[in-house]
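If you want the building blocks of each chain, they are given just below.
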Amino acid sequence: MGSSEMGKDSNFTDEERKSEMDIIEKNENSNKKTRRRKRSSIFPRFACMRLDDEVSVVETPSGECSFDVEASQNGHAPPPPHLVVMVNGLIGSADDWKYAAKQFVKAYSRDVIVHCSDSNCSTLTFDGVDIMGTRLAEEVLSVIKQHPHLQKISFVCHSLGGLVSRYAIAKLYEQGSARRACGEEMECSLNGSTNLCVEEVSKRKIAGLEPMNFITCATPHLGCRGHKQAPAFCGLYTLEKVASSSSWLLGRSGRHLFLKDCDEGKPPLLLRMASDSEDLPFISALQSFKRRVAYANTSFDYLVGWSTSSLRRRNELSKCRNLKKGDKYPHIVNVDEATSVASHN
């Protein structure tokens, strides 16, 4: 009996086999969809991950290695008015931001065009914060010329790229508008003493555009010298001293990060960037952005410590056991809101 049935199966036509395979494939696909729905019900999608997967993303070369990412325009839709500049860190490249740029455009397809910077990639990141910042400023101006419809600008930076961008925005900051708004001394624009000043601050421009968001991720704002700024050295004075004396291995950038530069008798560059110096209005440029956020890794970042990337002293850091998770973004802990301070502070 079994052999005769096997004989009947062996006499199936090719069309019957094909239809049977199609049925099996459909069943597998339906099972996959069911499992996917179950997973989505168990692990709800967070607000920051709700992307429009139907958006077609276009990647356009903008330089030798840089590129712009934006949603493909359908019909007569107006072009995105908001430029988001993404800047890489030490020995990085524009490709570091490729995935994030595409997700960003999918989330805000009608609003943003993302430019992944390439003016400071690979070994060019050893040239120093000032030189790299000047190159980035020139690159941003070039991108804006290619997109004359732009109205707003934001920066998203990783590691050393945050310092480079802070220097670049100081170069791109239009001081003239600040003087017309608040007088030549510009003191009232910093202390937030009157409503008029706050209103005028928002009218300042970065490269002719309205500054919106300035975001850094694991950026060593306070440098890497001593004070356990680089966890890899385990807080040992000997290791920190050896690292400081070896900063030349990272070129001028290393000297800047370890505060070893004293060009023409001036204080280290990172110290000068903590205020409006004679050279550039570092703080005024930073203050012109409506939203400024510094993301810091609380643990497992052995190169950039929590203190330097969050702009705080060691004794100001919260204990790990006291960290509170946010309701909106569960992967973000210990959110600290900034408070207005007088200019002399």
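Residues numbered from 1 in each chain as written. Predicted model: local features only at pLDDT ≥ 70, side-chain atom pairs only at ≥ 80, totals over all residues. Heavy atoms only, no water.

Q: Is there a simple way to explain the overall build of the protein chain in this structure?
A: Scanning the protein chain from terminus to terminus reveals 13 helices and 7 strands. Evaluated residue by residue, the protein chain yields a buried proportion of 38% over its 345 residues. Long-range pairs, those at least 24 residues apart, make up 71% of the contacts in the protein chain between residues at least 6 apart in sequence. Looking at the protein chain as shown, the accessible area adds up to about 20800 Å², and 53% of this sits on carbon and sulfur atoms. (Helix = DSSP H or I, 4+ residues; strand = E, 2+ residues; numbered from the N terminus. Buried < 20%, exposed > 50% of the residue type's maximum accessible area, 1.4 Å probe, protein only. Contact = heavy atoms within 4.5 Å. Areas by Shrake-Rupley, 256 points an atom, 1.4 Å probe, with all protein chains shown as cover.)

Q: Got a minute to help me understand the environment of His82 in this structure?
A: Among the secondary structure elements, His82 is positioned in strand 3 (residues 82–87). Placed 30 residues apart in sequence, His82 and Val112 show a C-alpha to C-alpha distance of 4.6 Å. Look past the residues within four positions of His82 in its chain and what remains in contact with it is Asp111, Val112, Ile113, Leu150, Lys152, Ile153, Ser154, Met212 and Asn213.

Q: Would you mind showing me how to read the packing of aromatic side chains here?
A: The geometry of an aromatic ring pair comes down to the distance between the two centres and the angle between the two planes. Considering all chains together, one arrives at 5 aromatic pairs under this definition. Relative to Tyr108, the ring of Phe104 has its centre 5.5 Å away and its plane inclined at 45 degrees; by these criteria the two rings are tilted. Under the relative-accessibility criterion, Tyr108 is labelled partly exposed at 44%. Pairing Tyr167 with Phe282 gives two aromatic rings, centres 5.6 Å apart and planes at 50 degrees, and the pair type is tilted. Here Tyr167, found in helix 5 (residues 160–172), pairs with Phe282, found in helix 12 (residues 282–287); they are 115 residues apart in sequence, far enough to count as distant. Across this residue pair, the class does not change: Tyr167 and Phe282 are buried. Within the aromatic cluster, the residues linked to one another by ring pairs are Phe155, Phe214 and Phe289. (Phe/Tyr/Trp six-rings, centres within 6.5 Å; stacked < 30°, edge-to-face > 60°.)

Q: So what exactly am I meant to see when it comes to unusual backbone geometry here?
A: In the Ramachandran plot, Ala218 falls in the positive-phi region, its phi being about 55 degrees despite a non-glycine side chain. You can see Ala218 is positioned in the loop between strand 6 (210–217) and helix 9 (237–245). With a phi close to 65 degrees, Phe300 is a non-glycine residue in the positive phi region. Among the structural elements, Phe300 can be located in the loop between strand 7 (291–295) and helix 13 (306–310).

Q: Explanation requested: helix 4 (residues 129–146) in the structure shown.
A: Compared with the 26 Å implied by 1.5 Å per residue over 18 residues, the 26 Å span of helix 4 between its first and last C-alpha is a close match. Considered for burial, the residues of helix 4 that qualify are Val129, Asp130, Met132, Gly133, Leu136, Ala137, Glu139, Val140, Val143 and Ile144. On its buried face, helix 4 is in contact with strand 3, strand 4 (112–116), strand 5 (152–158), helix 5, helix 10 (251–257) and helix 11 (269–272). (Expected span 1.5 Å × (residues − 1).)

Q: Is there a simple way to explain the pairing of strand 6 in this structure?
A: Residues in a regular strand project their side chains so that they alternate between the two faces of the sheet. For strand 6, a buried count of 6 out of 8 residues is recorded, marking the element as mostly surrounded by other parts of the structure. Examined bridge by bridge, strand 6 and strand 7 share 5 bridges and lie parallel to one another. Bridging from a neighbouring strand, Phe214 pairs with Arg292 of strand 7. (Pairing = 2+ DSSP bridges.)

Q: Would you mind showing me how to read the environment of His221 here?
A: Tracing the backbone through its elements, the reader meets His221 in the loop between strand 6 and helix 9. Non-local contacts of His221, meaning those with residues more than four positions away in its chain, are made with Leu163, Arg166, Thr216, Leu270, Ala294, Thr308, Ser309 and Leu311.

Q: It is not clear to me how the nonpolar core should be interpreted in this structure. Could you clarify?
A: The tendency in soluble globular proteins is for nonpolar side chains to be buried as a group. Core analysis: the biggest nonpolar cluster contains 41 residues, and Leu83, Val85, Val140, Ile153, Phe155, Ile169 and Ile206 have the highest contact counts within it. With 8 residues, helix 5 is the largest single contributor of residues to this core. Setting aside anything within four residues of it in sequence, one finds Leu83 in contact with Ile113, His115, Val143, Ile144, Leu150, Lys152, Ile153 and Ser154. Core analysis: the second largest hydrophobic core is formed by 13 residues, Ala94, Val112, Val114 and Cys116 among them. (Core = buried A, V, L, I, M, F, W, Y, C linked by side-chain atoms within 4.5 Å.)

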